[in-house]
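The primary structure of each chain is shown beneath.
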Amino acid sequence: MTGHRRFAILAICTANICRSPMIEVLLRAELDPELFEVASAGVQGWDRQPMDAMAAMELMRFGHSPGKFRSHAIDSYLVDSADLILTATKTHRSEVLALNPRALRRTFTLVEFAALCEKIEAAYPTELVAEAARQRSLAPADIDIGDPYRRSPEVHRKTADQIAAAAHTVGSRLNALAHV
């Protein structure tokens, strides 16, 4: 990867206490910290709150600590500074675009981008994002990650497994392209 700035990824969900923190932690664990930075935010409400306890337990199941995580509300600076924005759902993607319509070509659901990573060719991370935007129609129809908040442990586990699989796909592809 060329340049001095790290490739910035922003994960988005509703309150930034379940899905997007899991995306942030699991994706960060997959990526080279010298080349990538990962943050997360929520489209609604809760600022500076800890991660949901069930989400934190799922991260621990994968061998990761939630650390001192605190939620953040989405803002235009976060959106504008991200090279790639990964949302939990299409609705979250729409809310990002309502904040900044110019972010369309770099905003995907996590599941959508993971599917596209497996189908398209690119030489480096920014080209992967651009090519994914051009070939968005190749993504599957079911690209949302359900909200596990205040649901059963089984729902949290299913959500975490879905996020972990997609984060692994995205992280592996971005790392491979960054180390070319």
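Residues numbered from 1 in each chain as written. Predicted model: local features only at pLDDT ≥ 70, side-chain atom pairs only at ≥ 80, totals over all residues. Heavy atoms only, no water.

### A few points about the environment of Ser-152
Step number 1: Summarising the element assignment, Ser-152 is placed in the loop between α6 (125-134) and α7 (153-178).
Step number 2: Judged by relative accessible area, Ser-152 falls into the partly exposed class, the value being 28%.
Step number 3: Side chain to side chain, Ser-152 and Glu-154 meet in a polar contact 3.2 Å long. (Helix = DSSP H or I, 4+ residues; strand = E, 2+ residues; numbered from the N terminus. Buried < 20%, exposed > 50% of the residue type's maximum accessible area, 1.4 Å probe, protein only. Polar contact = N/O pair within 3.5 Å; in protein donor to acceptor, adjacent residues only side chain to side chain.)

### Comments concerning the sheet that holds strand β2 (residues 36-42)
Step number 1: The four strands lie next to each other as β2-β1-β3-β4, forming an open sheet whose pairing is parallel. On the outer flanks of this sheet lie β2 and β4 (107-109), each paired with one strand and no other. With direction set aside, neighbouring strand axes in the sheet form an average angle of 25 degrees.
Step number 2: When strand β1 (residues 7-13) meets strand β3 (residues 84-87), the two strands line up parallel, connected through four bridges. Directly across from Ala-11, in β3, lies its bridge partner Leu-86. (Pairing = 2+ DSSP bridges. Axes fitted to C-alpha atoms, helices over the stretch in contact; angles between N-to-C directions.)

### Quick notes on the nonpolar core
Step number 1: Ranked by internal contacts, the top residues of the largest apolar core, which has 49 residues, are Ile-9, Leu-84, Leu-86, Phe-108, Phe-113 and Val-170.
Step number 2: Per-element accounting of this core gives the leading share, nine residues, to α7.
Step number 3: The residues touching Phe-113, leaving out its near neighbours within four places in the chain, are Leu-84, Leu-86, Phe-108, Leu-128, Val-129, Ala-132 and Val-170.
Step number 4: Counting 11 residues, the second-largest nonpolar core is a separate cluster that includes Ala-41, Val-43, Ala-82 and Ala-103. (Core = buried A, V, L, I, M, F, W, Y, C linked by side-chain atoms within 4.5 Å. Contact = heavy atoms within 4.5 Å.)

### Focus: the pattern of salt bridges
Step number 1: In the structure shown here, the tally under the stated rule is nine salt bridges.
Step number 2: Across the pair Asp-161 and Arg-61 runs a salt bridge whose closest N-O atoms are separated by 2.6 Å. Of this pair, Asp-161 sits in helix α7 while Arg-61 sits in helix α2 (residues 53-61), and the two are 100 residues apart along the sequence.
Step number 3: The partly exposed category is assigned to Asp-161, whose relative accessible area is 34%.
Step number 4: In this structure Arg-61 comes out as partly exposed when scored by relative accessible area, which is 33%.
Step number 5: A salt bridge links Glu-112 to Arg-93; its shortest N-O distance comes to 2.8 Å. With a gap of 19 residues between them, Glu-112 in helix α5 (residues 110-117) and Arg-93 in helix α4 (residues 90-99) connect regions that are remote in the sequence. Both residues of the pair, Glu-112 and Arg-93, count as buried.
Step number 6: The structure contains a network of salt bridges with shared partners spanning Glu-58, Arg-61, Arg-157 and Asp-161. (Salt bridge = Lys/Arg side-chain N within 4 Å of Asp/Glu carboxyl O.)

### Let's talk about α4
Step number 1: For α4, the set of buried residues is His-92, Arg-93, Val-96 and Leu-97. Buried residues of α4, seen end-on, are gathered within an arc of 140 degrees and therefore sit on one face of the element. Pointing more than 90 degrees away from the buried face of α4 are the exposed residues Thr-91 and Ala-98.
Step number 2: N-cap assignment for α4: the residue whose side-chain oxygen lies 3.3 Å from the backbone N of Thr-91 is Thr-89. (Arc of directions from axis to C-beta.)

Limitation: the analysis is restricted to geometry and does not speak to function.
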